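Breakdown of the fold
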2 protein chains.
Amino acid sequence: MPGLDPVPKSTLRAHVAERLRAAILAGDIAPGAPLVETALSERFDVSRGPLREALRQLIEEGLVVTVPYTGTHVAPLSVDDVHEIYSLRTALETFAFEQVWARRDDRFRAELNRRNAALIATIDAGDDRASILSELELHGLVYEASGHRLLQRAWHGLRGRLQLYWAAHHRAHGRRGPRRDSHDSYIIAALGNDLAVLRLEVADHMRRGAEQTEKFLRAMPNLSGESKRGDMT
Amino acid sequence: MPGLDPVPKSTLRAHVAERLRAAILAGDIAPGAPLVETALSERFDVSRGPLREALRQLIEEGLVVTVPYTGTHVAPLSVDDVHEIYSLRTALETFAFEQVWARRDDRFRAELNRRNAALIATIDAGDDRASILSELELHGLVYEASGHRLLQRAWHGLRGRLQLYWAAHHRAHGRRGPRRDSHDSYIIAALGNDLAVLRLEVADHMRRGAEQTEKFLRAMPNLSGESKRGDMT
DNA sequence: CAATCGTCGATTGTCGACAATCTGGCACGC
DNA sequence: GCGTGCCAGATTGTCGACAATCGACGATTG
């Protein structure tokens, strides 16, 4: 009997964290908006105990910020963050590709093509929301295939923030624009044999992504949604 | 007026997390040992609420593992982990050096020399415990000087595990061995102007560190095995 | 004697109430 | 008018008690 984790063990903390994260990433709660524990506990019909633990988890994921005895807010958007996200992601994803390379796992290529096809399908269908998830799954595969657990942890630490910005971009501008070509070349490089070329492809892919997101962010009126009071960084 | 964090705001959760982390890293609680909430809450004289939140934080830091309704333990040691830690650290620290390079912050070099001197002093003095902290501070400076907050977060996610293994090594073998030379060359490369050389230096430094730690780990009788009593009374 | 099932202790999960702290506004004195 | 101190509301921090779940031990039965 091969090792399997069949049981969907359930804790309120996990459920609340999941739903709250989904709400934030979907934009139902805007970046910078306050998160009041009592209100949330009533909204989710749980006590503040599990709710607070769920908040702690989202804090560690970088989706929520808090100040002791003062308040908790959804993480605000910032132009500097975008640059940091994409630059660090370049380093991580390049490293991930190198790891995959070293393992020479062929199942990786088939699954990569599968997810890339799924991504292109959602893009062609104009389903921007789904294409965001598809793109995250496509890139996530590289980290999964690396077999590097700590690397995957680091990626998870970035993914939330990245999704936060993509979602905001989606809400502000609708479609994020045509990205078929960039992904096609990405795949070609991954399937090729030249690691140096792949490195350049990754860097170029990230550079364009960062430029696009930064441009959109700068065009936004009030970035971090600081309506009333000074910042909380 | 430069930004400063004046008030050392105190919460029980923060205190407990700090002390518990220190206890784990110092080896007062062995890797794999159980962490019972009721016992810890009595030990620290706090209720289980703040204690649980502190545990959540240590879980996110990778120092503690837990399974719902069953139990919580100090993270066990594993040979695979060492390889992952050092390989990911190579990627992160190389990236950090490149960031520092791009900023051309000269204060960095002075402080780098200062901390390197401090490290060598502790090594020469034979104070192994202090040299571990000194080495972490030396490498930590690279991340600080990068001015890259997300990179620092990623580093913090690695640092705990790394310190855990170094501390175990220290307890098992006493001195970790002479490392003056490696750090001298590290500094020389950092102060030089050839980034390519620096990259190789970083990779070499990490390779040797990983080899040393892995060797020591393999020599250990029972890696993550539970010592009979995770005694903490 | 082996396998199965129920029970029990241990541990974590959850809850509601109370205390500590911060923010903002207002009255007061200069 | 301006600064100061204080008060009230809101929000988070903390606590103790109760419920849910798990793992192991032992009784039971074939």
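Preceding block: the structure.
Below is a short write-up of the structure. (Residues numbered from 1 in each chain as written. Chains lettered and ligands numbered in written order. Predicted model: local features only at pLDDT ≥ 70, side-chain atom pairs only at ≥ 80, totals over all residues. Heavy atoms only, no water.)

**As for the pairing of strand 1 (residues 64-67) of chain A**
All names here are of chain A. For clarity, the threshold we go by: In this analysis, strands are considered paired if DSSP registers two or more bridges between them. Helix and strand labels come from DSSP, where a helix needs a run of H or I of at least four residues and a strand needs a run of E of at least two; each type is numbered from the N terminus.
Bridge count between strand 1 and strand 2 (residues 71-74): 4 bridges; the pairing is antiparallel. Bridge pairing in strand 2 links Val64 to Val74. Hairpin connection of strand 1 to strand 2: 3 residues between the antiparallel strands, including Tyr69 at a positive phi of 65°.

**A few points about the packing of aromatic side chains**
Residue and element names in this part refer to chain B. Heads up, the rule is: Stacked, tilted and edge-to-face are the three classes applied to pairs of Phe, Tyr and Trp rings, where Trp contributes its six-membered ring and a pair requires centres within 6.5 Å; stacked means planes under 30 degrees apart, edge-to-face means over 60, and tilted covers the rest. Only protein chains enter the accessibility calculation, which uses a 1.4 Å probe. A residue is then buried if its area is under 20% of the maximum for its type, exposed if over 50%, and partly exposed in between.
Inspection of the entire model under this criterion finds 2 aromatic pairs over all chains. The interplanar angle of 5° and the centroid separation of 4.5 Å between the aromatic rings of Tyr143 and Trp155 together place this pair among those described as stacked. Taken together, the positions of Tyr143 in helix 6 (residues 128-146) and Trp155 in helix 7 (residues 149-173) put the pair 12 residues apart, joining distant regions of the chain. Grouping residues by exposure puts Tyr143 and Trp155 together as buried.

**Observations regarding the interface of chain B and chain A**
Accessible area lost during the coming together of the parts is what is often quoted as the interface size. Heads up, the rule is: Only heavy atoms matter for contacts: two residues are in contact if any of them lie within 4.5 Å across the pair. Summed over both partners, the accessible area (1.4 Å probe) lost when two parts come together is defined as the buried area. For salt bridges, the criterion is a side-chain nitrogen of Lys or Arg within 4 Å of an Asp or Glu carboxyl oxygen. Within 3.5 Å is the distance limit for a polar contact, defined as a pair of N or O atoms, with the added protein rule that one can donate a hydrogen and the other accept it, and that residues adjacent in sequence qualify only through two side-chain atoms. Throughout, the ten residues Ala, Val, Leu, Ile, Met, Phe, Trp, Tyr, Cys and Pro are labelled nonpolar, Asp, Glu, Lys and Arg are labelled charged, and all others, Gly among them, are labelled polar.
Every contact between the two is made by 31 residues of chain B and, on the other side, 31 residues of chain A. Carbon and sulfur atoms make up 55% of the area that chain B and chain A hide from each other, which totals about 2,700 Å². Ranking the residues of chain B by area buried against chain A places B:Glu60, B:Glu84 and B:Leu150 at the top, with a combined share of 21%. The tally of links from chain B across to chain A stands at 8 salt bridges. The interface formed by chain B and chain A contains 14 residue pairs in polar contact (both at pLDDT 80 or more). Only helix 3 (48-60), helix 4 (79-103) and helix 7 of chain B provide two or more residues apiece to the side of chain B that touches chain A. Examining the composition of the side of chain B that touches chain A, we find that 9 residues originate from one element, helix 4 of chain B, more than from any other. For the side of chain B that touches chain A, the class distribution of residues is 12 nonpolar, 7 polar and 12 charged.

**Points about the layout of surface pockets**
We count it as follows: Only protein atoms enter the 1 Å grid, on which a cavity is a set of points fitting a 1.4 Å probe that cannot get out and a pocket is an open set with protein on both sides within 12 Å along at least 5 of 7 lines, lining residues being those with an atom within 4 Å of a point. Grid points are joined across faces, edges and corners, and a volume is the space filled by probe spheres set on the points.
Put simply, the second largest pocket is a space of about 860 Å³. Along its surface, the second largest pocket is lined by 29 residues, and A:Ala91, A:Thr94, A:Glu98, B:Ala91 and B:Thr94 are the ones closest to its centre. Every element with two or more residues in the lining of the second largest pocket is listed here: helix 4 (79-103) and helix 9 (195-218) of chain A together with helix 4 and helix 9 (195-219) of chain B. When grouped by side-chain class, the residues that make up the lining of the second largest pocket number 13 nonpolar, 10 polar and 6 charged.

**Considerations on the protein's contact with DNA strand D**
This is how it is decided: Being near a molecule or strand, for a residue, comes down to having at least one heavy atom within 4 Å of it.
Near DNA strand D, the surroundings consist of 21 residues, among which A:Glu37, A:Arg48, A:Arg52, B:Leu12 and B:Ser47 are the closest. Near-protein atoms of DNA strand D (within 4 Å) split between backbone and bases, with sugar and phosphate holding 73%. Taking B:Arg13, its side chain carries an N or O atom lying 3.2 Å from a phosphate oxygen of DNA strand D. Among the elements of the structure, helix 2 (37-44), helix 3 (48-60) and strand 2 of chain A together with helix 1 (12-26) and helix 3 of chain B are those that each provide at least two residues to the surface near DNA strand D. Of the residues that constitute the surface near DNA strand D, the class distribution is 8 nonpolar, 7 polar and 6 charged.

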